[in-house]
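Below are the chains, spelled out letter by letter.
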Amino acid sequence: MSATTTAAAPVDTSPATRRHPGALAPLRWEIRKLRAQYRAKAVLIGALVLPVIVVVVIQGQSRPPKDTLFGRFATDNGFALSLLVLGFAAQWVLPLLTAVVAGDIFASEDQHGTWKTVLTRSTSRAQLFWAKTLTACGFAVIVLAVLATSTIVSSVLIVGHQPLTGLSGQTIPAAEALRLVAASWATMLPAMLGFTCLAILLSVWSRNPAVGIAAPVVIGMVMQLVGALGGVEAIRPFLLTTPFEAWHGLFADPRFTGPLTEGLITSAAWCAVCLGAAFVMLRRRDITGG
Amino acid sequence: MNDLLAVEATGVTKTFGSVLAVDDITIRVAAGEVYGVLGPNGAGKTTFLRMLFGLIRPDSGTIEVLGKSWGADGVGVLDGVGGFIESPRFYPYLTGRQNLEGLALLDGGVRPGLLEELLELVEMTDRADQKVGGYSYGMRQRLGVAASLLREPRLLVLDEPANGLDPAGIRDMRALVKRLANSGLTVLLSSHDMDEVEEICDNVTIMKRGTVAFHGTIAKLRTMAPDPGHLLATTDDTRALALAEQHPALRVTRDPEAALVVTGPTPDVSAYVAALVRNNIDLLTLTQTQTPLEALFFMLTDDTTHQTLDRPAELAELAEAAR
Amino acid sequence: MRRTILVILAALVAVIALGSAVVATSGDTSTVTRPRLERSLTTNFANQYADQARIQGRRITPASLHAKAMCDKAGAENNDVGPGGDWNCLMSWTDPEVPMPPEGYGKFELNVHSNDCYTVGSPSKLTGFLTMTDAEGREVTNPVFEFDGCFDPNGDNTPTGVVFPSLLAVASTTITPDAHGNAGVQLTCGSGAKGCAGTIAVTAGDTKLGTMPFHLAEESTQTLQLPAPVPDGAAEVTFTVQMSTGVGPPKPVTLPVQGS
């Protein structure tokens, strides 16, 4: 090594008085890392481009997909088409999009063996935990916004903005329909954040990015399946996929928002339980790898 | 300030499942000294250092670093500490510079210009803007040193810093550690290499299976070192063996590989060799088996040698020292 | 990795077990109920029907239809609760240009999902087929033929009180007497309140064979023995239904005799 000795750390016999990182420093670091990852960029580009492709493909179908809500109007009404895409996205796309980041954000430190690198600095485990959680949630918000905007804009531009037939058979004027469609996409956020927290828990617990990403999607599909079964409807309010259907009430006349409120509570409970468990797990963990 | 201990670990114990990794060890490192923790792989060195950094929670015992403890100060314990455990790891998709910048963020900022100085110091300036994923082992090791010094630590903890480096890299790394030590930094170094510790350290703790096998200065260690062993091959080993009886200070035995093993003080070995030549026994080879400290290290850390040692008095002394 | 998969499986099993326990202890807690379905269906249908009329160039307000529905799930003996593809709804409405059939209602088939949404298949005799002709003569989709809707799971659950009589029909298409001239006739009673009851007067040509009383539960089928043997040489048998409960065929039903 070079003879540059000037950089050798100075002798410091004063008591340790080190600057401590501000609350936002770990968050800035997480965001910087996320921006450097191809995966995050690929997800955002996918969220931007795929809806356009889906819209074009569905619009070209001679028979509308009637078995999904609003599917029967999808080929000649842009609002119906964006709601059809919404229903489809809620099945597994939204959990997947958020899990790509949230399921990886803790486990990737295990994968790269970097826990010891970051935990030997002046940032506590709690600070890192919240920085990662906020980053994952922020990413969920952004990816949902991109997906929603891309879907709504492309379906309205490509298919059109005719008045929409609501779920009580009423006719909804185009301007109102646009507001309701946008609001419906926005109501996906609580449950999507619920899946983000679930992915975080699985990421912390499994220490394996593949599990962190795939398991929330699988669990989401199982919950979807269980929720669709007759006879076990008593557990529907506890499923994280139920809030994904709460937007239906916005298109009924009279409008009902009970499921939206219940969905908010369900999602918040899932978040609290998952984050609490993940936090305790991370705090108590012995970092032996890397 | 000199009475402040850089590290004061008392009665630290850690088990993983049924494996006792660290068993009630006590280590005190004074400010300003270069301290070695020596032991074979699996002796518990790394577990101890991980506990020092708070990566692992001890089952019992306390660890104070520069007068702070995890219980009272949380992550503040690490305020004056820098270093790495095993081989340093970084984010492969970021460049070396980005990695250091990020770690500086987690440190709460860094003195302007320090990052460049450190890259220069570890000779990584040219490669700093390449992704770490493409770095060699030695480059990552050097980046790890830079990342540790970025904290401007008063206690530098290095876990096997020369591990996996080529001979030139080992030489450079030792030179760097020495230079850092000379600047007044307290250095806690773990190693499985006696030479390294002997060259750099003032004090040493030798660990064996989670316990302390020796604790003291290098000078004290040297006095306890056994006489060097030599491997001797001659034209007539049988006569050579017979001649050995005239040299009571030496112990000469027949090696399974048909050579002789000569153990004893160096002057006596010389006299013996001269006697062999005088008796027309030619020397084919004469090689030193181990350095004295190496021999001692193996004695201290290898269970199987204990039974074959023929110096019970010294062993007892070792056991005393370990206490 | 195997540990991970095992734990995930165990978690799923636990969730499902917990779910089953919840279900077992909570009983019938489905939000899919008859009153909610009846209320939602009538509103939804009235809107769709008015839309259909608009396409045809007619002006009808949803309110003027006075649509009323009575829904029923999978036969009389079951509770009218829970999702399924076996919901039937009888609905009446008022459109001067499309009179109701004699029984006074049309039968709609519903597939109701656990998420409180449903798909309705309409009786095409009353509401038309998949496509229809609009006021300008173009082929367009008929909004009423099949439509979707959702109802509020917390919505009004008090019974609507709408009741329609069951419809009795003669299911047999021929009368086949045995060697002694004895024969049977099959009757079905459709969805509706209280089932079907009354008497049937049977004649073969000019010969009166007598009357048969009947009592059928809602959505059931029954075979009645003719009160007397069919005379040799009779070509057909006529049944004249007199209903005391439910509605029956307004005109006498005549069936040919086979095998004589």
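The residue numbers shown here count from 1 along each chain, following its written sequence. Here every chain gets a letter starting at A, and every ligand a number starting at 1, in the order they are written. Local features in this predicted model are restricted to residues of pLDDT 70 or higher, and side-chain atom pairs are both shown and tallied only at a pLDDT of 80 or more, whereas totals for entire chains, interfaces and linings draw on every residue. Derived side-chain values reflect all non-hydrogen atoms in the structure, with water molecules and hydrogen atoms excluded from consideration.

Draft legend 1. Seen up close, a positive patch on the surface. Each patch is assembled from residues with relative accessible area greater than 30% and no salt bridge, linking like charges that lie within 9 Å and nonpolar side chains (Val, Leu, Ile, Met, Phe, Trp, Tyr) that lie within 5 Å. Accessible surface area values rest on a Shrake-Rupley calculation with a 1.4 Å probe, where residue burial reflects the displayed protein chains alone. Salt bridge, as used here: a side-chain nitrogen of Lys or Arg that lies within 4 Å of a carboxyl oxygen of Asp or Glu. When charges are counted, Lys and Arg are positive and Asp and Glu negative, with His and the chain ends excluded. Every charge is mapped onto a representative atom, which is NZ of Lys, CZ of Arg, CG of Asp or CD of Glu. Taken together, the side chains of Arg28(A), Arg32(A), Arg35(A), Lys41(A) and Lys131(B) present a region of like positive charge at the surface. Labels follow the DSSP assignment, with helices taken as runs of H or I lasting at least four residues and strands as runs of E lasting at least two, numbered in each case from the N terminus. The element contributing the most residues to the positive patch is helix H1 (residues 25–35) of chain A, with three residues. Here Arg32(A) lies in helix H1. Exposure is judged per residue with a 1.4 Å probe applied to protein chains only, and the accessible area is read against the type maximum: over 50% gives exposed, under 20% gives buried, and values in between give partly exposed. Judged by its relative accessible area of 33%, Arg32(A) is partly exposed.

Draft legend 2. Up close: the packing of helix H3 (residues 96–107) of chain B against helix H4 (residues 114–121) of chain B. All names here are of chain B. Helix axes are fitted to C-alpha atoms over the stretch in contact, other axes to C-alpha atoms as well, and angles between N-to-C directions run from 0 to 180 degrees. Their axes nearest at 11 Å, the elements H3 and H4 cross at an angle of 130 degrees. The orientation of H3 relative to H4 falls into the category oblique. The hand of the H3/H4 crossing is right-handed. Counted together, Arg97, Leu100 and Glu101 of H3 and Leu115, Glu116 and Leu119 of H4 form the full contact between these two elements. When residues are sorted by character, Ala, Val, Leu, Ile, Met, Phe, Trp, Tyr, Cys and Pro go into the nonpolar class, Asp, Glu, Lys and Arg into the charged class, and all the rest, Gly among them, into the polar class. Among the residues making up the contact of H3 with H4, the classes are represented as three nonpolar, no polar and three charged. The scheme is simple: roughly parallel for angles under 35 degrees, roughly antiparallel for over 145, roughly perpendicular for 65 to 115, oblique for anything else. In this scheme the crossing of two helices becomes right-handed for a clockwise turn of the near helix relative to the far one and left-handed for an anticlockwise turn of less than a right angle. Between two residues, a contact is recorded if the distance between any of their heavy atoms is within 4.5 Å.

Draft legend 3. Expanded view of unusual backbone geometry. Going from Asp253(A) to Pro254(A), the amide bond is cis rather than trans, its omega being 0 degrees. Position of Pro254(A) among the secondary structure elements: in the loop between helix H9 (209–228) and helix H10 (258–284). A positive phi is found at Arg209(B), a non-glycine position, where the angle reads about 45 degrees. Turning to its location among the elements, Arg209(B) is positioned in the loop between strand S9 (203–208) and strand S10 (211–217). Here Asn280(B), not a glycine, exhibits a phi torsion of approximately 60 degrees, which is positive. Relative to the elements of secondary structure, Asn280(B) occurs in the loop between helix H10 (266–278) and strand S14 (283–288). Residue classification places Asn280(B) among the exposed positions, given a relative accessible area of 65%.

Draft legend 4. Structural detail: the state of the cysteines. Residues and elements named next belong to chain C. In this description, the term disulfide denotes a pair of cysteine sulfurs within 2.5 Å. Taken as a whole, this structure holds three disulfides over all chains when the rule is applied. There is a disulfide in this structure between Cys71 and Cys89, and the S-S distance comes to 2.0 Å. With the S-S dihedral at roughly 110 degrees, the linkage between Cys71 and Cys89 falls on the right-handed side. Of this pair, Cys71 sits in strand S1 (residues 68–73) while Cys89 sits in strand S2 (residues 84–92), and the two are 18 residues apart along the sequence. Here Cys71 and Cys89 have matching classes, each one buried. Between the sulfur atoms of Cys117 and its disulfide partner Cys150 the distance amounts to 1.9 Å.

Draft legend 5. Geometry of the sheet that holds strand S5 (residues 68–69) of chain B. Residue and element names in this part refer to chain B. Read from one edge of the open sheet, four strands run S2-S1-S4-S5, paired in antiparallel fashion. Each edge of the sheet is formed by a strand with only one pairing partner; in this case those strands are strand S2 (19–30) and S5. Two strands qualify as a pair provided that DSSP identifies no fewer than 2 bridges between them. Direction of pairing for strand S4 (residues 60–65) relative to S5: antiparallel, over a ladder of two bridges. Following the sheet pairing, Glu64 is matched in S5 by Ser69.

Draft legend 6. Structural context of the domain arrangement of chain B. Boundary definitions for the domains trace back to an automatic or database domain assignment. According to the domain assignment, chain B consists of domain 1 (5–223) and domain 2 (229–290). Averaged C-alpha coordinates put domain 1 of chain B and domain 2 of chain B at centres separated by 43 Å.

Draft legend 7. Quick look at H4(B). All names here are of chain B. Considered for burial, the residues of H4 that qualify are Leu114, Leu115, Leu118, Leu119 and Leu121. Each buried residue of H4 sits inside an arc of 160 degrees when the element is viewed along its axis, so together they form one side. Looking at the packing, one finds that the buried side of H4 touches H3, helix H5 (137–149) and helix H6 (167–182). At the C-terminal side of H4, Glu123 shows a positive phi close to 55 degrees. The arc under discussion is defined with respect to the helix axis, by the directions toward the C-beta atoms.

Draft legend 8. Quick look at the interface of chain A and chain B. Contact with chain A, which involves 53 residues of that partner, is made by 61 residues of chain B. The tally of links from chain A across to chain B stands at two salt bridges. With a shortest N-O distance of 2.6 Å, Lys14(B) and Asp286(A) are connected by a salt bridge. Think of a polar contact as two N or O atoms within 3.5 Å of one another; within protein, one of them needs to be a possible hydrogen donor and the other a possible acceptor, and neighboring residues in sequence only count if both atoms come from side chains. Between the two partners, chain A and chain B, sit 19 residue pairs in polar contact (both at pLDDT 80 or more). Only H1, helix H4 (107–112), helix H5 (115–119), helix H6 (125–158) and H10 of chain A provide two or more residues apiece to the side of chain A that touches chain B. The element best represented in the side of chain A that touches chain B is H1(A), accounting for six residues.

Draft legend 9. Structural context of the packing of aromatic side chains. Only Phe, Tyr and Trp rings take part, Trp by its six-membered ring, and two of them pair if their centres are within 6.5 Å. Stacked means planes under 30 degrees apart, edge-to-face means over 60, and tilted covers everything else. Under the defined criterion, the tally for this structure stands at 19 aromatic pairs over all chains. Judged by centre distance (5.1 Å) and plane angle (50 degrees), the rings of Tyr105(C) and Phe164(C) are tilted. In this pair, Tyr105(C) is assigned in the loop between S2 and strand S3 (106–112) and Phe164(C) in the loop between strand S7 (146–150) and strand S8 (168–170), connecting sequence segments 59 residues apart. Here the two residues Tyr105(C) and Phe164(C) agree in accessibility, since each one is buried. Ring centres of Tyr118(C) and Phe151(C) lie 6.4 Å apart, and the angle between their planes is 25 degrees; on these two criteria the pair is classed as stacked. One end of the pair, Tyr118(C), is in strand S4 (residues 117–121); the other, Phe151(C), is in the loop between S7 and S8, with 33 residues separating them in the sequence. We note that Tyr118(C), like Phe151(C), is buried. Here a set of aromatic residues connected by ring pairs shows up, and it is made of Phe106(A), Trp115(A), Phe129(A), Trp130(A) and Phe279(A). A ring is considered to have a charge above it if a Lys NZ or an Arg CZ atom is located within 6 Å of its centre and within 35 degrees of its normal. Its end group placed over the ring of Phe106(A), Lys132(A) keeps NZ or CZ at 5.7 Å from the ring centre.

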